[in-house]
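Architecture at a glance
Residues per chain are reported as follows:
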Amino acid sequence: RLVATQVNYFWRDDVTQSTPPLMMARTILSMAATNMNENREHTRKIALYDVTVAFYHARITEDIHVKPPKGLVPEGMCWQLRGAMNGTRVASQCWGRKVTWVMISGGCKLVQVVPMTFYHPVLEYTCTVHGDDFLAEGEYKSLDALDELLLANFRTKLMGSIGPGCENTVSKLLK
């Protein structure tokens, strides 16, 4: 695994990505547990997704060159980053912009008061993103649409679902 390292010569507060508070995970769990359909049945589920090599999905916004490990390029050569890379100061910020763009282009609205949290007004699902982990709640068909959105834009793994009819995947979510 390659990690770039930038030397911190001065303080910068513009290179962090806001993360949702723990309260948002509790809210999503509560929404799924308490919302019922017109027949007073619980039909919502919770899904957890993990994006593999998340930062690599985002484009870097600064001109950054890295010295690669010995033997990968001739002596004296370096790489210019095109994608965000672990260890660079702007990687999480670039990732946050990419996630926001994908979710909004998929029909979601950004929840203005909670960082990295989205709501789809038509499909009625809620999703919050902490780093490369997506936690969502909604009706089955709604979360199927979220599955498609995430799979079309990122290398995504469904880590598990919980809700009526999801008993076979509960262990993944609880580990």
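Structure first, text after, so check above.
Anyway, here's the lowdown on the structure attached to this text. Computed from a predicted model, the values in this text were never measured in an experiment. Numbering of residues starts from 1 in every chain and runs along the sequence as written. Only residues with pLDDT of at least 70 get local features here, since the model is predicted, and only at 80 or more are side-chain atom pairs given and counted; chain-wide, interface and lining totals rely on the full set of residues. The side-chain quantities take in all heavy atoms of the structure and omit both hydrogens and water.

Thoughts on the pattern of salt bridges
- Think of a salt bridge as a Lys or Arg side-chain nitrogen and an Asp or Glu carboxyl oxygen that are within 4 Å of each other. This structure, assessed with the given rule, holds three salt bridges.
- Across the pair E137 and R44 runs a salt bridge, and its minimum N-O distance is 2.7 Å. One end of the pair, E137, is in strand β7 (residues 133-139); the other, R44, is in strand β1 (residues 44-51), with 93 residues separating them in the sequence. Taken as a pair, E137 and R44 share a single burial class, namely buried.
- Among the salt bridges present, the one from K157 reaches D50, with a minimum N-O distance of 3.8 Å. One end of the pair, K157, is in strand β8 (residues 156-162); the other, D50, is in strand β1, and 107 residues separate them in sequence.
- By relative accessible area, which is 42% here, K157 ends up partly exposed. Only DSSP runs of H or I with at least four residues qualify as helices, and only runs of E with at least two residues qualify as strands; both kinds are numbered from the N terminus onward. Whether a residue is buried, partly exposed or exposed follows from its accessible area with a 1.4 Å probe, protein chains only, as a fraction of its type maximum: under 20%, in between, or over 50%, in that order.

Description of the packing of aromatic side chains
- Aromatic rings from Phe, Tyr and Trp, with only the six-membered ring used for Trp, were paired whenever their centres fell within 6.5 Å, and each pair was classed as stacked if the ring planes differed by under 30 degrees, edge-to-face if by over 60, and tilted otherwise. Under the criterion given, the structure shown has two aromatic pairs.
- Relative to F154, the ring of F134 has its centre 6.2 Å away and its plane inclined at 40°; by these criteria the two rings are tilted. Pair noted here: F134 is in strand β7 and F154 is in the loop between α3 (140-153) and β8, with a separation of 20 residues, a long-range link.
- Of the residues examined, F134 reaches a relative accessible area of 0% and is grouped as buried.
- Overall, F154 belongs to the buried group, its relative accessible area being 4%.
- Taken together, the ring pairs in this structure connect W95, F134 and F154 into an aromatic cluster.

Re the packing of helix α2 (residues 91-105) against α3
- Interaxial angles span 0 to 180 degrees and are taken between N-to-C directions of axes, which are lines fitted to C-alpha atoms, for helices over the stretch in contact. With their axes 11 Å apart at the nearest point, α2 and α3 run at an angle of 135° to one another. Considering the angle they form, α2 stands oblique to α3. The way α2 lies across α3 gives a crossing that is right-handed. Contacts from W101, V102 and M103 of α2 reach α3 at L146, L149, L150 and N153.
- Residue classes in the contact of α2 with α3 are distributed as six nonpolar, one polar and no charged. We call two directions roughly parallel when the angle between them is under 35 degrees, roughly antiparallel when it is over 145, roughly perpendicular when it lies between 65 and 115, and oblique otherwise. Should the near helix be turned anticlockwise from the far one by less than a right angle, the crossing is left-handed, and should it be turned clockwise, the crossing is right-handed. Two residues qualify as a contact provided that any one of their heavy atoms is within 4.5 Å of a heavy atom in the partner residue. Throughout this entry, Asp, Glu, Lys and Arg are counted as charged residues, while Ala, Val, Leu, Ile, Met, Phe, Trp, Tyr, Cys and Pro are counted as nonpolar. The remaining residues, Gly among them, count as polar.

Describing the sheet that holds β7
- Strands pair, by our definition, only if DSSP identifies at least two bridges between them. The strand order across the open sheet built from six strands is β4-β5-β6-β7-β1-β8, with neighbouring strands paired in antiparallel fashion. In the strand order of this sheet, the two ends are held by β4 (109-110) and β8, each with one partner.
- Two elements, strand β5 (residues 117-120) and strand β6 (residues 125-130), share four bridges in a ladder whose sense is antiparallel. Each bridged residue has a counterpart across the sheet, and for Y119 the counterpart in β6 is T126.

What to know about helix α1 (residues 22-34)
- The terminal C-alpha atoms of α1 lie 19 Å apart, and with 13 residues this matches the ideal 18 Å at 1.5 Å per residue to within 8%.
- For α1, the full list of buried residues reads M24, I28 and A32. Seen along its axis, α1 keeps its buried residues to an arc of 75°; they face one direction. Exposed and oriented more than 90 degrees from the buried face of α1 are L22, R26 and T34.
- For α1, the elements touching its buried residues are β1, β5, β6 and β7. By this rule, a helix spans an expected 1.5 Å times one less than how many residues it contains. What the arc covers is the set of directions going from the helix axis to the C-beta atoms.

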